[in-house]
Amino acid sequence: MSRERLYLFDTTLRDGALTTGVDFSLDDKRHIAAMLDRLGVDYVEGGYPGANPLDTEFFKRKPTRRARFCAFGMTKRPGRSAANDPGLAGLLASDSDAIVYVAKSWDYHVHVALGCTLEENLECIADSVKAAVASGREAMVDCEHFFDGYKANPKYALACAEAAIGAGARWAVLCDTNGGALPDEVERIVGEVARVIPGASLAIHAHNDTGNAVANSLAAIRAGARQVQGTLNGLGERCGNANLVTLIPTLALKTELAERFETGVTPEALRQITHLSRAFDELMNRAPNRHAPYVGASAFATKAGIHASALAKDPRTYEHVPPESVGNKRAVLVSDQAGRSNLLAELNRLGVAADPTDPRLQRLLEEVKAREAQGFAYEAADASFELLARGILGGVPEFFAVESFHVGVERKLIGPGGTYSASQAVVKIRIGEERLISAAEGNGPVNALDLALRKDLGVYQKYIEDLELRDYRVRVFQGGTDAVTRVLIEFGDGNGDTWSTVGVSGNIIDASFQALVDAITYRLLKVGVAAQ
């Protein structure tokens, strides 16, 4: 049975750029456009040429090879011709394959925001579309506030969409601009529109203000829309747009949808979507959402022992799709709620040999639970857990021993209104019979300790030269200024490998140092160097 083509439209570089705290550089935009092109979306909306120098520069050269590159702008102004509208001129001058116009489709907005008649607004839509088509571009019209407009005046909202299609637009985009529509009304309204305008010309653009953007998009598809719009990781103004990173796997992996529709995203590209999602967050200097559907670190994580036992028998018991289908991986977490099944599954994943009948497993499980009661958390600290497990089940070589460390923080006045602050650390270690002392100054006490510890590790120094501290997180709990502190540290190396460690103490410096020592010990263990 042949499947219907469903088109994917990404507006990360336009609508996603309205996200609070997000500012794309020109290089960012080009890089993201290339990522989207490789993923297989059909349209990449790049922004508003003429609105600012960055977007104007971006539209001088098309950044995609396969995806159609879209310029966004307003329809012509009332009272002037399309040929004399400077906004349209900027759109037509851009190196784009398609032009996306935003037009009012709620009669209330036409009167209040545009200040023109309803007929003039329809004329602006039609004339703008004709200008784009005459220039050889594909045209589409974002019918802004369509669902609010349809509920207030269905005849006029529909007339706006008909004006676009009648003038030659490829798509009439039904926009839930305020994000307030619910799935049942979206499905009903799109179904009614599809009886007048073919679904092959209808698109859905949903915002997430009720948390229903993905559900609303799927409802519109069920009702007939054949283009769906969204952004990477759900970026967008206010609460964001429909998340394409959630929509694309749903369309590809859910049987009732996969049997009806096909998109431009191949199974091979789908297996890269977790990497793409996280790489995008890294580019934006944002922490990935651990709980994101399909791609989050917790999307296929199991904490309860009874669940882990079932997973070991058949992953389908607690996984709705195979994690590898989206490039993610299964994680069976070791925690105070874990059972022997969790423990064995995690040891197997880490490559730690363990006999299920070994009595030391019970001791390891009890140790994990005791440590988590103190504040340790091994769910996000695989390296520390592996060191603990190997220590109990077979031993970890003592590569070095820390005899002592000292940290000092200095802050002094250096002039009127100016201060100087610096941290110094001294670390004394023993490697076999050799004693080494290292000192360093850093940007804060933890940085000073890290630099001092890794400054001279004797015979092991060459194994840690390419290490880099990637992330440092602190969680304070159990009290006020006398609270217990948990520190999670992520290290990486030149090969792209990363590992995380944890430390817990009433002293944040001591907790940090525990995690630092674990991180370096883990690295030496993994490279297979012999202890002195």
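Above this note sits the structure.
Fair warning: this is a prediction, and the values are worked out from it, not measured in the lab.

**So, the sheet that holds strand β3 (residues 43–47)**
Argument step 1. With respect to topology, eight strands assemble into a closed barrel ordered β2-β3-β4-β5-β6-β7-β8-β9, the strand pairing being parallel. This sheet shows a mean twist of 25° between the axes of neighbouring strands, independent of strand direction.
Argument step 2. As paired elements, β3 and strand β4 (residues 68–74) share four bridges and run parallel to each other. By the bridge assignment for β4, G47 is matched with A71.
Argument step 3. In the packing of helix α10 (residues 244–253) onto the sheet, contacts are made with β2 (7–10) and β9 (227–230), and the angle to β2 comes to roughly 170°.

**Let's talk about the sheet that holds strand β14 (residues 418–431)**
Argument step 1. The strand order across the open sheet formed by three strands is β13-β14-β15, and the pairing between neighbours is antiparallel. Of all strands in the sheet, those bounded by a partner on one side alone are β13 (401–415) and β15 (434–442). Pairwise comparison of adjacent strand axes, ignoring direction, gives a mean angle of 15° for this sheet.
Argument step 2. Of the strands in this sheet, β13, β14 and β15 touch helix α18 (residues 445–455), which is tilted by about 145° from β15.

**A short note on the environment of I520**
Argument step 1. Positionally, I520 belongs in helix α19 (residues 508–527).
Argument step 2. Contacts of I520, omitting those with residues within four sequence positions, involve F400, L453, R454, L457 and I464.

**Comments concerning the pairing of β2**
Argument step 1. Sheet topology places β2 next to β9; four bridges connect them, and they run parallel. By the bridge assignment, F9 is partnered in β9 with Q229.
Argument step 2. As paired strands, β2 and β3 are joined by two bridges and run parallel to one another. Bridging from a neighbouring strand, D10 pairs with V44 of β3.
Argument step 3. Handedness of the β2-helix α1 (residues 26–39)-β3 crossover: right-handed.

**Concerning the nonpolar core**
Argument step 1. Core analysis: the largest hydrophobic core is formed by 88 residues, its most contacted members being F146 and V193.
Argument step 2. Take this core: its biggest share by element is seven residues, from helix α7 (residues 154–166).
Argument step 3. In contact with F146, not counting residues within four places along its chain, are S105, A157, L158, A161, L174, C175, I189 and V193.
Argument step 4. Formed by 34 residues, the second largest nonpolar core is a distinct cluster that contains A383, I429, A515 and L516.

**Some details on the side chain of T250**
Argument step 1. Structurally, the position occupied by T250 is in helix α10.
Argument step 2. Looking at T250, the relative accessible area reads 10%, which means it is buried.
Argument step 3. Beyond its immediate sequence surroundings of up to four residues, T250 is in contact with L218, L257 and Y294.

**Considering the pattern of salt bridges**
Argument step 1. In this structure the tally under the stated criterion is 30 salt bridges.
Argument step 2. The closest approach of N and O atoms between R226 and E4, which form a salt bridge, is 2.9 Å. Of the two residues, R226 is situated in the loop between α9 (213–223) and β9 and E4 in strand β1 (residues 4–5); the sequence distance between them amounts to 222 residues.
Argument step 3. R226 gets classed as buried once you look at its relative accessible area, which sits at 9%.
Argument step 4. Three or more residues are tied together by salt bridges with common partners; here these are R14, D15, E45 and D142.

**Describing unusual backbone geometry**
Argument step 1. Even without glycine at this site, N233 takes up a positive phi of about 55°.
Argument step 2. Looking at where N233 falls in the secondary structure, it is placed in the loop between β9 and α10.
Argument step 3. Taking relative accessible area as the criterion, N233 reaches 19% and is therefore assigned buried.
Argument step 4. Positioned with a positive phi, R238 is a non-glycine residue whose angle comes to about 60°.

**Thoughts on the packing of α18 against α19**
Argument step 1. The geometry of α18 relative to α19 is characterised by a closest axis approach of 10 Å and an angle of 35° between their N-to-C directions. In the crossing of α18 with α19, the sense of the turn from one axis to the other is right-handed. Of the residues in α19, those in contact with P445, V446, L449, D450, L453 and R454 of α18 are I509, S512, F513, L516, V517 and I520.
Argument step 2. Residue classes in the contact of α18 with α19 are distributed as nine nonpolar, one polar and two charged.

**Overview of helix α16 (residues 360–374)**
Argument step 1. The terminal C-alpha atoms of α16 lie 21 Å apart, and with 15 residues this matches the ideal 21 Å at 1.5 Å per residue to within 8%.
Argument step 2. Those residues of α16 lying buried are L361, L364, L365, V368 and E372. Take α16 and look down its axis: the buried residues cluster within an arc of 100°, on one side only.
Argument step 3. With its phi angle positive at about 125°, G375 sits one or two positions after the end of α16.

Conventions we followed
Residues numbered from 1 in each chain as written. Predicted model: local features only at pLDDT ≥ 70, side-chain atom pairs only at ≥ 80, totals over all residues. Heavy atoms only, no water. Pairing = 2+ DSSP bridges. Helix = DSSP H or I, 4+ residues; strand = E, 2+ residues; numbered from the N terminus. Axes fitted to C-alpha atoms, helices over the stretch in contact; angles between N-to-C directions. Contact = heavy atoms within 4.5 Å. Right-handed = clockwise from strand over helix to strand, strands pointing away. Core = buried A, V, L, I, M, F, W, Y, C linked by side-chain atoms within 4.5 Å. Buried < 20%, exposed > 50% of the residue type's maximum accessible area, 1.4 Å probe, protein only. Salt bridge = Lys/Arg side-chain N within 4 Å of Asp/Glu carboxyl O. Left-handed = near helix turned anticlockwise from the far one by under 90°. Nonpolar A, V, L, I, M, F, W, Y, C, P; charged D, E, K, R; others polar. Expected span 1.5 Å × (residues − 1). Arc of directions from axis to C-beta.

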